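Residue-level structure breakdown
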Amino acid sequence: MQGELFEEPEPSSRFDSIGKSTVAYRDVKSILTPASGFVGAYDYTLNPYSGCTFGCVLLCSVLRPKQGETGWLGQLGYGKENALRLLSKEPHGSLDGKTIYMSSVTDPYQPVEKKLGLTRSLLEWLVAHHAPRLVIQTRSPLVTRDIDLIARLPASQINMTVTTDSEEVRQIFEPHCPSNTVRLKAIQTIQRAGLNGCITLTPLLPISDPHAFAQNLLETGIQKFVVQPFHATRGRFVAGTRNQAIDITRRMNWNHERYLEVLSILKQYIPDLGEGKEGFKPV
């Protein structure tokens, strides 16, 4: 997500290995950050982690290596060990009605969350002591684990990112992320549980069949959607992936003209399709 700087955590000697990824545990100075940039319409952002081991190769701009660290793209993340202690310092009820975006520079349900439960602990505290308007942004079906808590924040919304209808494209751009099918099933579960849901097509990557894609989106029961174009030549990339992004999008004939063509088709099925920054504003 654009518009927020990566916060450098304090050093720690604790590490965990999660598959091919490493997660370090570090303290940070704050857990609630005044929102700015792309999500500037919110009051705060809340990021339980720094960096993200999903490692979306051509999209991720949130994780920068410390000096001497290697193999970090999608392989190194930081759990904010003191996150709950920091959040617990907020006076009871002080966040009532405040808009909070979780998360702007990480995924709150990346693989380590299943083991660590850091995001869940923050939700438990919010439910017990505050009533914010919370928006959760994720690519992970793990969010369904916390339906019981999210349901107790009635003004909450879960955004599920689905960027393409092609598993081939997904494996190129998001190799460590859950499949498109799994994500759509997860947001359908959210909708059937009576929670507010949204599918964010951000950024929209190459689409093979926009008509079938739109129909599959609507079959989830979700009624709110947001789309955003992918700019291979203007986007922010890590680990020198800009050229790779350009090569892949050219090979797949994905350009702004094709994006507009697909967008027009999607709007035939989803007339109220939100776009860009305006689409992400809290309701």
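The paragraphs below set out a description of the structure included in this document. (Residues numbered from 1 in each chain as written. Predicted model: local features only at pLDDT ≥ 70, side-chain atom pairs only at ≥ 80, totals over all residues. Heavy atoms only, no water.)

**A word on the sheet that holds strand β11 (residues 225–229)**
Pairing is mixed in the open sheet, where 8 strands are placed in the order β3-β4-β7-β8-β9-β10-β11-β12. Where the open sheet ends on each side, the last strands, each with one partner, are β3 (32–34) and β12 (274–275). The pairing of β3 with strand β4 (residues 44–46) spans 3 bridges and is antiparallel. The partner of T33 across the bridge, within β4, is T45. Set on the sheet, helix α6 (residues 180–192) makes contact with β9 (157–161) and β10 (197–204); between it and β9 the angle comes to about 165°. Most of the contacts of helix α7 (residues 210–218) go to β10, to which it runs at about 155°, and overall it touches β10 and β11. (Pairing = 2+ DSSP bridges. Helix = DSSP H or I, 4+ residues; strand = E, 2+ residues; numbered from the N terminus. Contact = heavy atoms within 4.5 Å. Axes fitted to C-alpha atoms, helices over the stretch in contact; angles between N-to-C directions.)

**Some points on the pattern of salt bridges**
Following the criterion strictly, the structure yields 12 salt bridges and no others. Measuring nitrogen to oxygen at the nearest pair gives 2.6 Å for the salt bridge that ties R120 to D146. Remark: D146 occurs in the loop between β8 (133–138) and α4 (147–150) and R120 occurs in helix α3 (residues 118–129); sequence separation between them is 26 residues. Linking E174 and R183 is a salt bridge whose minimum nitrogen-to-oxygen distance equals 2.7 Å. Of the two residues examined, E174 and R183, each falls in the buried class. (Salt bridge = Lys/Arg side-chain N within 4 Å of Asp/Glu carboxyl O. Buried < 20%, exposed > 50% of the residue type's maximum accessible area, 1.4 Å probe, protein only.)

**Focus: unusual backbone geometry**
A cis geometry characterises the amide bond from M102 onward to S103, with omega recorded as 15°. Within the fold, S103 resides in the loop between β7 (99–102) and α2 (112–116). Note the cis peptide between T202 and P203, where omega equals -10°. Tracing the backbone through its elements, the reader meets P203 in strand β10.

**Regarding the packing of aromatic side chains**
Scanning the model with the defined rule gives 3 aromatic pairs in all. Considering the side-chain rings of Y42 and Y101, the 5.1 Å spacing of their centres and the 70° angle between planes classify their relative orientation as edge-to-face. Of this pair, Y42 sits in the loop between β3 and β4 while Y101 sits in strand β7, placing them 59 residues apart in sequence. The class of Y101 is buried, set by a relative accessible area of 0%. Where F173 meets F230, the ring centres are 5.7 Å apart and the plane angle is 90°; that geometry is what we call edge-to-face. On the criterion of sequence distance, the pair formed by F173 in helix α5 (residues 167–173) and F230 in the loop between β11 and α8 (242–251) is long-range, its members being 57 residues apart. Relative accessible area serves as the criterion here: at 13%, F230 is assigned to the buried category. (Phe/Tyr/Trp six-rings, centres within 6.5 Å; stacked < 30°, edge-to-face > 60°.)

**Remarks on the environment of K224**
Within the secondary structure, K224 is located in the loop between α7 and β11. Sequence-wise, K224 and L273 are 49 residues apart; in three dimensions their C-alpha atoms are separated by 7.1 Å. If near-sequence neighbours (up to four positions away) are discounted, K224 is found in contact with Q157, G197, C198, I199, G279, K281 and V283. Among the polar contacts listed, one links the side chain of K224 to the side chain of Q157, at a separation of 3.4 Å. (Polar contact = N/O pair within 3.5 Å; in protein donor to acceptor, adjacent residues only side chain to side chain.)

**Let's talk about the packing of α7 against helix α9 (residues 256–269)**
At a minimum axis separation of 9 Å, α7 and α9 run at an interaxial angle of 45°. One element, α7, and the other, α9, form an angle in the oblique class. As for how α7 packs across α9, the hand of that crossing is right-handed. Facing α7, whose interface residues are P210, H211, F213, A214, Q215 and L218, α9 presents R258, V262, I265, L266, Q268 and Y269. A breakdown of the residues in the contact of α7 with α9 according to their chemical character gives 8 nonpolar, 3 polar and 1 charged. (Parallel < 35°, antiparallel > 145°, perpendicular 65-115°, else oblique. Left-handed = near helix turned anticlockwise from the far one by under 90°. Nonpolar A, V, L, I, M, F, W, Y, C, P; charged D, E, K, R; others polar.)

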